[in-house]
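Examining the three-dimensional arrangement
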Amino acid sequence: MKNNILRLGLTGGIGSGKSYISKLLTEKGIPVFDSDKEAKLLMTTNQHIIASLKELLGEDIYVDGCINKPLMVSYLFSSKDNAEKISSIVHPCVKEEFISWTEKKQCEGYKIAAIESAILFESGFDCIVDKVITVHAPLEVRVERVIKRDNTTRKRVIDRINSQLDEKERLEKSDFVIENDGKRNLEEQIYTIFSSLSNKR
């Protein structure tokens, strides 16, 4: 097992700064699989997903080979059950893609690879990684970041936060936590985590 690539899950709520941590990991030579980006790509390239979405939503779900966003958004937000149906089609394919991707990275000589996902636990992606790192930040810091980034309202940000996994539950399920409150040194925290991982391998 020691020769197997170490798969890390990187997650965190909206505004936590996980994408920034992902960027830091990439700069340190650790490849990161962007699950959201890959899911969007697979929805227009994976024949199983395309056929399943057409069966579920009709031929109109695709326009010139692209997802009909208004139709998809309308369907997703009309009920929780609908969102779960879409997830059941897309997420298994994303998992397969990630596993295949990490196998390629292992052949390329990488010892560690990560997957970035805001819904790591909700999607079941935590079952295909060895360790989970959650990026955490205080609520007000997260709210301010998203308001500034998305030019949106506080209420909308709070609603989005409340729609995600409870922060306490996310932290309890994680193996490591990076505090991204703008005060603590991120490089030091990353170094501590990877020192711990190296000692356990």
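Residues numbered from 1 in each chain as written. Predicted model: local features only at pLDDT ≥ 70, side-chain atom pairs only at ≥ 80, totals over all residues. Heavy atoms only, no water.

Direction vectors running N to C along helix α2 (residues 35–45) and helix α3 (residues 47–57) enclose 75°, while the axes themselves pass 6 Å from each other. The orientation of α2 with respect to α3, classified from their angle, is roughly perpendicular. Contacts between α2 and α3 involve L42, M43, T44 and T45 on the former and, on the latter, Q47, I49, I50 and L53. Across the contact of α2 with α3, the residue classes tally to 5 nonpolar, 3 polar and no charged. (Axes fitted to C-alpha atoms, helices over the stretch in contact; angles between N-to-C directions. Helix = DSSP H or I, 4+ residues; strand = E, 2+ residues; numbered from the N terminus. Parallel < 35°, antiparallel > 145°, perpendicular 65-115°, else oblique. Contact = heavy atoms within 4.5 Å. Nonpolar A, V, L, I, M, F, W, Y, C, P; charged D, E, K, R; others polar.)

Here we take up the packing of aromatic side chains. Evaluation of the coordinates by the stated rule reveals 3 aromatic pairs. Between F33 and F98, the ring centres sit 5.4 Å apart and the planes meet at 65°, which makes this aromatic pair edge-to-face. Taken together, the residues F33 in strand β2 (residues 32–34) and F98 in helix α5 (residues 80–107) connect sequence positions 65 residues apart. Of the two residues, F33 and F98, neither departs from the other in class, the shared state being buried. Ring pairing ties together the aromatic residues F33, F98 and W101, which thus form one cluster. (Phe/Tyr/Trp six-rings, centres within 6.5 Å; stacked < 30°, edge-to-face > 60°. Buried < 20%, exposed > 50% of the residue type's maximum accessible area, 1.4 Å probe, protein only.)

All right, on to the side chain of N68 then. Mapped onto the secondary structure, N68 falls in the loop between β4 (66–67) and α4 (69–78). Residue classification places N68 among the buried residues on the basis of a relative accessible area of 19%. N68 has contacts with D60, I61, Y62 and V63, leaving out every residue within four places of it along the chain.

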